[in-house]
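# Structure assessment
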2 protein chains.
Amino acid sequence: LVVKKYTVAIIGATGAVGCELIKILEKRDFPVGEFRLFASKRSAGRLKEFKRESFAVQALDASSFEGIEVAFFSAGSAVSKEFAPILASHGALVVDNSSAFRARRDIPLVIPEVNGYEARGKRGIIANPNCSTVQLVLAVEPIQRAWGIEHLFVATYQSVSGTGGRAMRELREQSLAHLEGRPLEKEIYPSEIAFNLFPHIGDFDSEGLNLEERKIVFETRRFLRDESLILSVTAVRVPVFRCHSEAVALITKKTTTASEVADLLRSAPGVRLMDGKDMASYSTPRLAEGRDEVFVGRLRNTLPEGHGISMWIVSDNLRKGAALNAVQIAETALGLGYK
Amino acid sequence: LVVKKYTVAIIGATGAVGCELIKILEKRDFPVGEFRLFASKRSAGRLKEFKRESFAVQALDASSFEGIEVAFFSAGSAVSKEFAPILASHGALVVDNSSAFRARRDIPLVIPEVNGYEARGKRGIIANPNCSTVQLVLAVEPIQRAWGIEHLFVATYQSVSGTGGRAMRELREQSLAHLEGRPLEKEIYPSEIAFNLFPHIGDFDSEGLNLEERKIVFETRRFLRDESLILSVTAVRVPVFRCHSEAVALITKKTTTASEVADLLRSAPGVRLMDGKDMASYSTPRLAEGRDEVFVGRLRNTLPEGHGISMWIVSDNLRKGAALNAVQIAETALGLGYK
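Values in this document were obtained by computation on a predicted structure and should not be read as measured data.

### Looking at the relation of the copies chain A and chain B
Each copy of the sequence occupies a distinct position, and chain A is placed on chain B by a rotation of 180 degrees and an axial shift of 0.0 Å, giving an RMSD of 0.0 Å. Such a combination of turn and shift is consistent with a two-fold rotation axis. Interface overlap between copies is the fraction of interface residues in one copy that are interface residues in the other; for chain A against chain B it reaches 97%, indicating a shared surface.

Shown next, in the form of structure tokens:
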């Protein structure tokens with residue numbers, strides 16, 4: 001049996017998601033033939049390990065795109081907007097982790113467990129959803145199908161790794177400064193992040209939503225196939241290094257109970273339902289680090305019983321929220337028997 | 001003009017709330033005549049400063065209750081249950097900061113701005129609400145009166161000072177250990193609190209709510225005068241030293257908009273509405289430390305407009321959430337012209 005191998009590129013190979021992409025391609029034994037790593041000029045020349053081989057990171061330059069069959073973009077919207085269409089026009093499969101193409105109706109926005117059919121056999125650009133959206137939709141889309149969702153409320157607890165490596169350093173340095181009684185220096189975030197938190201992820205729009213909330217609203221409505229879904233999202237940055245958590249409550253159209261929803265989610269793909277007998281089953285950011293599953297816990301009735309349910313969702317934002325979902329999209333598109 | 005002075009006692013004078021009570025009594029120039037501080041045997045003999053005088057903390061003993069006219073309890077439910085009725089039977093005004101009496105229909109549960117009339121002229125026990133409830137109710141009760149609330153959704157971000165001084169030390173020590181690469185030791189919390197968070201504040205009941213959520217549900221329904229209010233509360237402990245934050249969304253019975261609600265809350269007592277032109281106005285735990293106000297920010301429409309509003313509430317859990325509200329209750333009961 002000869003397995004077809006692909007010339008694979010990662011654009012943004014030195015960032016937090018880029019590093020995770022390399023690990024996941026290796027772990028899942030993705031059929032990588034030639035492997036090309038790109039980043040900004042500043043990072044060019046750095047070495048990254050993949051299957052015990054070292055690969056030098058190159059400065060991004062469209063003239064070196066020749067032959068690339070699968071490309072993962074994770075270098076921000078501007079880079080995606082400029083370079084992804086070039087690769088797509090060469091016939092490559094491009095999985096874009098930025099928000100550049102998520103609003104484009106002609107470009108699939110895919111969570112394989114939910115709408116993998118939109119990726120199957122596809123080439124060109126496929127958009128990878130926002131990290132917070134992926135873990136939310138995996139848990140609530142089955143509920144939308146079964147009972148219909150009337151109102152959806154989400155409050156997020158998002159780690160600094162969503163911003164990237166420099167933000168992780170800022171949390172570390174500010175925390176140490178605080179503990180040692182030194183003044184805190186701000187560089188990345190608008191407010192202090194050490195032992196603090198703020199409902200501010202991206203710029204605010206005229207309706208008072210920050211960019212992260214706008215993304216979650218838009219993408220969730222798209223995945224739930226309801227453009228006028230009533231929802232409230234508050235996106236909050238918290239002093240946690242990795243993994244995003246979400247407190248979610250929903251009012252369903254048809255009456256259901258927490259135990260019916262538990263029965264449904266127990267077999268929902270990508271979801272790991274935590275429903276220990278003690279009612280206290282939940283995950284935390286530290287427990288979810290490096291894990292593939294989306295952990296759904298504390299499933300209970302919104303009170304009084306019969307109106308809807310509430311739950312606690314935790315997932316590794318760099319894995320299912322970003323790199324893992326991107327690789328699964330590629331596996332689905334290429335018919336690699338994604339599992 | 002001779003101002004009547006009271007013999008005042010603090011039971012639990014060495015705890016986080018007790019220390020704050022002493023500061024607030026001083027700052028508000030509460031008419032303290034004799035001042036008696038009580039704590040557990042372990043803390044007896046410690047000295048606390050009040051108006052430049054030192055007071056020795058005594059071990060709690062009902063035989064030293066003679067003459068006490070105003071007592072603040074902040075030493076846990078068990079202590080309140082045992083000792084508060086004794087003081088009340090002597091005719092004292094007892095403001096209890098524990099949950100011991102909050103469910104008792106014959107005992108007022110008071111936020112002076114909301115139902116101060118239940119405290120006016122009162123002696124005996126008055127219950128001080130849960131910290132998370134106070135800041136929530138101050139912001140949403142005016143909305144309940146104006147438009148009616150159909151669904152209420154709350155996700156909290158609660159600091160460790162709500163647990164007390166030892167929890168603050170645990171956050172500090174675990175954080176330092178993490179930053180220095182040492183193993184983390186758990187003593188107070190069920191999960192690591194350093195760079196982590198968990199939806200677990202108090203024990204879980206058979207409906208899957210933790211104790212903090214149960215308190216918020218029960219007390220909020222009481223203050224909003226709606227025993228069957230549909231609501232979802234997720235109470236989460238976060239790695240922040242002081243101040244609680246809440247992401248709140250509500251669906252109103254009568255149609256309203258964020259700008260109408262802003263007009264109402266701008267003059268709501270105890271509330272400081274943050275409604276800067278940039279839509280990004282919000283407080284954070286660090287900004288609210290040591291402040292008396294309940295900061296309401298990020299007031300916006302739950303989407304699409306017309307169904308309800310969403311907001312971000314931050315308050316110092318040791319002040320308005322505990323010690324300040326307790327002192328205001330006493331001022332109201334004694335007719336001291338509380339402002």
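### Some thoughts on the confidence of the model for chain A
Chain-level statistics for chain A give a pLDDT mean of 95 and a share of 98% at 70 or above. Across the interfaces of the predicted complex, the ipTM metric reaches 0.95, alongside a pTM of 0.96.

### A look at the interface of chain A and chain B
Taken together, the 67 residues of chain A in the interface contact 65 residues of chain B. In total, about 5,400 Å² of surface goes out of reach between chain A and chain B, with carbon and sulfur atoms giving 64% of it. Summed over the three residues of chain A that lose the most area to chain B, namely Phe195, Arg286 and Leu303 of chain A, the buried surface amounts to 15% of that side. Run the count over chain A and chain B and you get four salt bridges. For the salt bridge of Glu192 of chain B with Arg286 of chain A, the shortest nitrogen-to-oxygen distance reads 2.5 Å. Counting the contacts that link chain A with chain B gives 27 residue pairs in polar contact (both at pLDDT 80 or more). Those elements giving two or more residues to the side of chain A that touches chain B turn out to be strand 8 (149-157), helix 5 (165-179), helix 6 (211-223), strand 9 (230-234), strand 10 (244-252), helix 8 (285-288), strand 12 (294-301) and strand 13 (308-315) of chain A. Residue composition of the side of chain A that touches chain B, by class: 37 nonpolar, 19 polar and eleven charged.

### Side note on the sheet that holds strand 7 (residues 93-96) of chain B
All names here are of chain B. Spatially, six strands are ordered 5-2-1-6-7-8 in an open sheet, and the strand pairing comes out parallel. Only two strands of the sheet have a single neighbouring strand rather than two, namely strand 5 (58-59) and strand 8 (124-127). Across five bridges, strand 1 (residues 6-11) lies against strand 2 (residues 32-39) in parallel orientation. Across the sheet, Ala9 pairs through a bridge with Arg36, a residue of strand 2. On top of the sheet, helix 1 (residues 16-27) reaches strand 1, strand 2 and strand 6 (70-73); it is set at about 155 degrees to strand 1, its chief contact. Its contacts with the sheet put helix 9 (residues 319-333) on strand 6, strand 7 and strand 8, and the angle it makes with strand 7 is roughly 155 degrees.

### Quick notes on the state of the cysteines
In protein chemistry, a disulfide is the covalent bond that joins the sulfur atoms of two cysteines. One pass over the structure, following the stated rule, counts zero disulfides over all chains. Of the cysteine sulfurs around Cys19 of chain A, a residue in no disulfide, the closest is that of Cys243 of chain A, at 16 Å. You can call Cys19 of chain A partly exposed: its relative accessible area is 23%. Among the cysteines around Cys131 of chain B, which has no disulfide bond, Cys243 of chain B carries the closest sulfur, lying 11 Å off.

### Considering helix 7 (residues 258-265) of chain B
Residue and element names in this part refer to chain B. Within the span of helix 7, buried status applies to Ala258, Val261, Ala262 and Leu265. The arc enclosing the buried residues of helix 7, seen along the axis, measures out at 105 degrees, which places them on a common side. In this structure, the buried residues of helix 7 make contact with helix 4 (131-147), strand 12 (271-273), strand 13 (294-301) and strand 14 (308-315).

### Things to note about unusual backbone geometry
Between Leu303 of chain A and the following residue, Pro304 of chain A, the backbone shows a cis peptide bond with an omega angle of -10 degrees. Of note, Pro304 of chain A is situated in the loop between strand 12 and strand 13. Phi at Arg298 of chain B takes a positive value of approximately 50 degrees, unusual for a residue other than glycine. Within the secondary structure, Arg298 of chain B sits in strand 13. In this structure Arg298 of chain B comes out as buried when scored by relative accessible area, which is 2%.

### Side note on helix 1 (residues 16-27) of chain A
Residues that lie three or four places apart on an α-helix share one face, since the helix turns once every 3.6 residues. All names here are of chain A. Counted at 1.5 Å a residue, the expected span for helix 1 with its twelve residues is 16 Å, and the 17 Å between its end C-alpha atoms agrees. When helix 1 is considered as a whole, its buried residues turn out to be Val17, Gly18, Glu20, Leu21, Ile22, Ile24 and Leu25. Tucked into the core, helix 1 has its buried residues touching strand 1 (6-11), strand 2 (32-39), strand 3 (47-50), strand 5 (70-73) and helix 9 (319-333). Positive phi appears at Asp29, one or two residues downstream of helix 1, with a value of about 55 degrees.

### Here's the deal with the sheet that holds strand 10 of chain A
Residue and element names in this part refer to chain A. Reading across the sheet, the six strands line up as 9-8-10-13-12-11 and stay open at both edges, with mixed pairing between neighbours. Looking at which strands have only one partner, the edges of the open sheet turn out to be strand 9 and strand 11 (271-273). Strand-to-strand, the axes of this sheet are offset by a mean angle of 20 degrees, without reference to chain direction. Both strand 8 and strand 9 contribute to a ladder of five bridges, which runs parallel.

### Considerations on the packing of helix 5 of chain A against helix 5 (residues 165-179) of chain B
A pair of packed helices is captured by two measures, namely the crossing angle of their axes and the spacing between those axes. Helix 5 of chain B packs onto helix 5 of chain A with a crossing angle of 130 degrees between their chain directions and a minimal axis gap of 10 Å. Put simply, helix 5 of chain A runs oblique to helix 5 of chain B. The crossing of helix 5 of chain A and helix 5 of chain B is left-handed. In this structure, helix 5 of chain A uses Arg172, Ser175, Leu176 and Leu179 of chain A to contact helix 5 of chain B, whose residues at the interface are Arg172, Ser175, Leu176 and Leu179 of chain B. Here the contact of helix 5 of chain A with helix 5 of chain B is built from residues that sort into four nonpolar, two polar and two charged.

### A word on the environment of Leu231 of chain A
Within the secondary structure layout, Leu231 of chain A lies in strand 9. Once you skip the residues sitting within four places of it in the chain, Leu231 of chain A turns out to touch Leu152, Val217 and Arg221 of chain A together with Thr302 and Leu303 of chain B.

### Details of the nonpolar core
If you look at the biggest cluster of nonpolar residues, it comprises 60 residues, and the most contacted ones within it are Tyr157 of chain A together with Tyr157 of chain B. Contributing elements (two or more residues each) for this core: strand 8, helix 5, strand 10 and strand 13 of chain A together with strand 9 (149-157), helix 5, strand 11 (244-252) and strand 14 of chain B.

Conventions and cut-offs
- Residues numbered from 1 in each chain as written.
- Chains lettered and ligands numbered in written order.
- Predicted model: local features only at pLDDT ≥ 70, side-chain atom pairs only at ≥ 80, totals over all residues.
- Heavy atoms only, no water.
- Least-squares fit on C-alpha atoms with pLDDT ≥ 70 in both.
- Contact = heavy atoms within 4.5 Å.
- pLDDT = per-residue confidence, 0-100.
- Buried area = accessible area lost by both parts, 1.4 Å probe.
- Salt bridge = Lys/Arg side-chain N within 4 Å of Asp/Glu carboxyl O.
- Polar contact = N/O pair within 3.5 Å; in protein donor to acceptor, adjacent residues only side chain to side chain.
- Helix = DSSP H or I, 4+ residues; strand = E, 2+ residues; numbered from the N terminus.
- Nonpolar A, V, L, I, M, F, W, Y, C, P; charged D, E, K, R; others polar.
- Pairing = 2+ DSSP bridges.
- Axes fitted to C-alpha atoms, helices over the stretch in contact; angles between N-to-C directions.
- Disulfide = S-S within 2.5 Å.
- Buried < 20%, exposed > 50% of the residue type's maximum accessible area, 1.4 Å probe, protein only.
- Arc of directions from axis to C-beta.
- Expected span 1.5 Å × (residues − 1).
- Parallel < 35°, antiparallel > 145°, perpendicular 65-115°, else oblique.
- Left-handed = near helix turned anticlockwise from the far one by under 90°.
- Core = buried A, V, L, I, M, F, W, Y, C linked by side-chain atoms within 4.5 Å.

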